[in-house]
Amino acid sequence: MRSAFWGNTQLDRDCWLQAAAKTRNFLSDRCDQVIDYLRTDGLIPSIEPPSAITNQTSISFSTDEGTIYYTLDSTDPRAIGGAAVGQSYSGTIPLSQPTRVRARTQKADG
């Protein structure tokens, strides 16, 4: 009775690890295709992320469209729902210590 509810109870850790590896390989071989599917369904925005250039003491960003928002405390510069909560990027940012910088680009139309 329990196997009818849970499925095959003979599966063990090795079986699960093999299934997880097959799934990883399937997705990694099709990364661009999966991203295209997600973009087509509106689950990933069509805007590209900002590009960054760093020289150990500063960081600069660039984007082809929209406004770049960033944080220097490793938090996401976008709140749940999409509102920008980071600082608006306006030029090179000096870095005095190792820092986890996160940046996102927001389109002008939201």
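Residues numbered from 1 in each chain as written. Predicted model: local features only at pLDDT ≥ 70, side-chain atom pairs only at ≥ 80, totals over all residues. Heavy atoms only, no water.

(A) How the structure looks around the packing of aromatic side chains. This structure, assessed with the given rule, holds 3 aromatic pairs. Between the aromatic rings of Phe61 and Tyr89, the centroid separation amounts to 5.3 Å while the plane-to-plane angle is 85°, which identifies the pairing as edge-to-face. Residue Phe61 is located in strand S2 (residues 58-62), and its partner Tyr89 is located in the loop between strand S4 (87-88) and strand S5 (93-94); the two are separated by 28 residues in the primary sequence. Each member of the pair, Phe61 together with Tyr89, is buried. The structure contains a cluster of three or more aromatic residues connected by ring pairs, namely Phe61, Tyr70 and Tyr89. (Phe/Tyr/Trp six-rings, centres within 6.5 Å; stacked < 30°, edge-to-face > 60°. Helix = DSSP H or I, 4+ residues; strand = E, 2+ residues; numbered from the N terminus. Buried < 20%, exposed > 50% of the residue type's maximum accessible area, 1.4 Å probe, protein only.)

(B) Up close: the side chain of Ser58. Tracing the chain through its elements places Ser58 in strand S2. Setting aside its immediate chain neighbours within four residues, Ser58 contacts Ile53, Thr92, Ile93, Pro94 and Leu95. (Contact = heavy atoms within 4.5 Å.)

(C) Summary view of the nonpolar core. Ranked by size, the top nonpolar core spans 7 residues in total: Ile59, Phe61, Ile68, Tyr70, Tyr89, Ile93 and Leu95. Looking at this core, the elements that each hand over two or more residues are S2 and strand S3 (67-71). Excluding residues that lie within four positions of it along the chain, Ile68 makes contacts with Pro50, Phe61, Ser62, Thr63, Gln87, Ser88, Tyr89, Ala103, Arg104 and Thr105. (Core = buried A, V, L, I, M, F, W, Y, C linked by side-chain atoms within 4.5 Å.)

(D) Structural detail: the pairing of strand S1 (residues 51-54). Of the strand pairs in this sheet, S1 and S2 are connected by 4 bridges, and their pairing is antiparallel. For Ile53, the partnering residue across the bridge sits in S2 and is Ser60. In this structure, the hairpin formed by S1 and S2 is closed by a connection of 3 residues, where Gln56 is found at a positive phi of approximately 80°. (Pairing = 2+ DSSP bridges.)

(E) Quick peek at the side chain of Thr105. With respect to the helices and strands, Thr105 occurs in strand S6 (residues 102-106). Thr105 sits in the buried class, given a relative accessible area of 14%. In contact with Thr105, not counting residues within four places along its chain, are Ile47, Glu48, Pro49, Pro50, Thr63, Glu65, Gly66, Thr67 and Ile68.

(F) The pattern of salt bridges, seen in detail. Tallied over the full model, the rule gives 1 salt bridge. For Asp76, the salt bridge identified is with Arg104, shortest N-O distance 2.6 Å. Of the two residues, Asp76 is situated in the loop between S3 and S4 and Arg104 in strand S6; the sequence distance between them amounts to 28 residues. You can call Asp76 partly exposed: its relative accessible area is 27%. (Salt bridge = Lys/Arg side-chain N within 4 Å of Asp/Glu carboxyl O.)

(G) Spatial organisation of the confidence of the model for the chain. Residue-level pLDDT values for the chain average 83, and 90% of them are 70 or greater. Per-element confidence in the chain ranges from a low mean pLDDT of 53 for helix H1 (residues 2-6) to a high of 94 for S4. (pLDDT = per-residue confidence, 0-100.)

(H) Representation of the pairing of S2 within the structure. By the bridge criterion, 2 bridges tie S2 to S5 in an arrangement that is antiparallel. Along S5, the bridge assignment pairs Ser58 with Pro94.

(I) Seen up close, the sheet that holds S6. Read across the sheet, 3 strands follow the order S4-S3-S6 without closing on themselves; strand pairing throughout is antiparallel. The open sheet is flanked by S4 and S6, the only strands paired with a single partner. Pairing geometry for S3 and S6, over 5 bridges, is antiparallel. Bridged to Tyr70 within S6 is Ala103.

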